[in-house]
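Chain by chain, the residues run as shown.
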Amino acid sequence: MEFTKGHGTRNDFVLLPDPDGQLDLTPELVAALCDRRQGIGADGVLRVVRAAKHPDGAGLAGEAEWFMDYWNADGSFAEMCGNGARVFVRYLIDTGLATPTGAALPVATRAGIVRARVEGDTVAIEMRRPRLHADSAATLDGLTLPGTAVDLGNPHLVCVLPAGVELSALDLSTAPGFDPALFPAGVNVEFIVAGEPVDGADEHSLMRVYERGSAETLSCGTGACAVAAVALRDADLDTGTVAVDVPGGRLTVTVTEDSCWLSGPALLVATGEVDLAAVLG
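The shown structure was predicted, so the numbers you read here are calculated from the model rather than taken from an experiment. (Residues numbered from 1 in each chain as written. Predicted model: local features only at pLDDT ≥ 70, side-chain atom pairs only at ≥ 80, totals over all residues. Heavy atoms only, no water.)

Across its 14 residues, helix H3 (residues 221-234) extends 20 Å between first and last C-alpha, which sits within 8% of the 20 Å expected from 1.5 Å per residue. Within the sequence span of H3, burial applies to Gly-221, Thr-222, Gly-223, Ala-224, Cys-225, Ala-226, Val-227, Ala-228, Ala-229, Val-230, Ala-231 and Leu-232. Backbone geometry just downstream of H3 places Asp-236 in the positive-phi region, at approximately 60 degrees. (Helix = DSSP H or I, 4+ residues; strand = E, 2+ residues; numbered from the N terminus. Expected span 1.5 Å × (residues − 1). Buried < 20%, exposed > 50% of the residue type's maximum accessible area, 1.4 Å probe, protein only.)

Here you go:
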């Protein structure tokens, strides 16, 4: 089976070209491909399929040709992946499946249509405006850390660390606890502290994230958008630009009155073929 490996701020993905939806993709195969010792290794899988050829994308085929079929590393589905969408668009452009124009490129996802613009190594995608909808808390290392629930088509819990708790010292080798009544399908948990001022940004946040279905990752695009929304709220701003530093680099998030733009590098690093029998064996 052919594959391409790519990443956005070191949030890495295996991309599988399947234009006509003929690939028998299973949770077991996805988990095996994402295994960093037995398989290729990744935070998730992106199947590149025409929207009209996938049952989850067919309803959006009139708005976008391509559907991003995103799977977490454990073989579960996710509604949306911001960095994944940016890498997905990079693949479409670099392989000639889509042509960059002056207009934004639409891509279908389980969370709806996102739109992308490409400039050099940078890919920016426009998503729905983050919705802050509840107070909650995460538990980690014996600490209860208050946070804010944020909806971006997928669920997030953003926890601003109190004084005395170091971001780098958090043990994210196990999943943080959360309220299952508020997050019945699980949640991506972001932990943040404020950073020093950055030119061109209204706010600056440093973030680590535990992604449901993938454990700690070096970056999370929708997580960065959720963090930006909380940072702007805490600064009494309704709109603005936030620089979000993750272990894998820097993402720039611009929240407008009706949408959210996520911008950063998106790169393809390898192509090849994988022996499915060996991976699954």
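Still more ground to cover, so stick around.
Attention now goes to the side chain of Asn-188. Position of Asn-188 relative to the elements: it lies in strand S11 (residues 188-194). A residue is classified by how much of its surface remains accessible, and Asn-188, at 3% relative accessible area, is buried. A distance of 3.1 Å separates the side chain of Asn-188 from the backbone nitrogen of Arg-212, its partner in a polar contact. When residues no more than four places from it in sequence are discounted, the contact partners of Asn-188 are Asn-154, Pro-155, His-156, Leu-157, Tyr-210, Glu-211 and Arg-212. (Polar contact = N/O pair within 3.5 Å; in protein donor to acceptor, adjacent residues only side chain to side chain. Contact = heavy atoms within 4.5 Å.)

Bringing the pattern of salt bridges into the picture now. Side chains bearing opposite charge may pair, as long as their charged atoms lie close to each other. All chains considered together, the criterion is met by 17 salt bridges. Residue Arg-47 is joined to Asp-18 by a salt bridge in which the shortest nitrogen-to-oxygen separation is 3.1 Å. Of the two residues, Arg-47 sits in strand S3 (residues 44-50) while Asp-18 sits in the loop between strand S2 (11-17) and helix H1 (27-34), which places them 29 residues apart along the sequence. Asp-18 matches Arg-47 in its accessibility class, with the two residues each being buried. Arg-131 is the partner of Asp-151 in a salt bridge, and the nearest nitrogen-oxygen pair spans 3.7 Å. Of this pair, Asp-151 sits in strand S9 (residues 143-151) while Arg-131 is found in strand S8 (residues 131-140), placing the two residues 20 residues apart along the sequence. The network of salt bridges with shared partners includes Asp-18, Arg-47, Asp-56, Asp-69 and Arg-110. (Salt bridge = Lys/Arg side-chain N within 4 Å of Asp/Glu carboxyl O.)

Attention shifts here to the environment of Leu-145. Along the chain, the position of Leu-145 falls in strand S9. Under the relative-accessibility criterion, Leu-145 is labelled buried at 2%. Those residues within four positions of Leu-145 in sequence are excluded, and the remaining contacts are Ser-136, Ala-137, Ala-138, Cys-159, Leu-161, Pro-162 and Phe-191.

Okay, the packing of aromatic side chains next. What the rule picks out here adds up to three aromatic pairs. Taking the centre distance of 6.0 Å and the plane angle of 75 degrees together, the rings of Phe-13 and Tyr-70 count as edge-to-face. Taken as a pair, Phe-13 in strand S2 and Tyr-70 in strand S4 (residues 66-72) lie far apart in primary sequence, 57 residues in all. Of the two residues, Phe-13 and Tyr-70, both sit in the buried class. Between Trp-71 and Phe-77 the ring centres are 4.4 Å apart and the planes differ by 50 degrees, which places this aromatic pair in the tilted class. (Phe/Tyr/Trp six-rings, centres within 6.5 Å; stacked < 30°, edge-to-face > 60°.)

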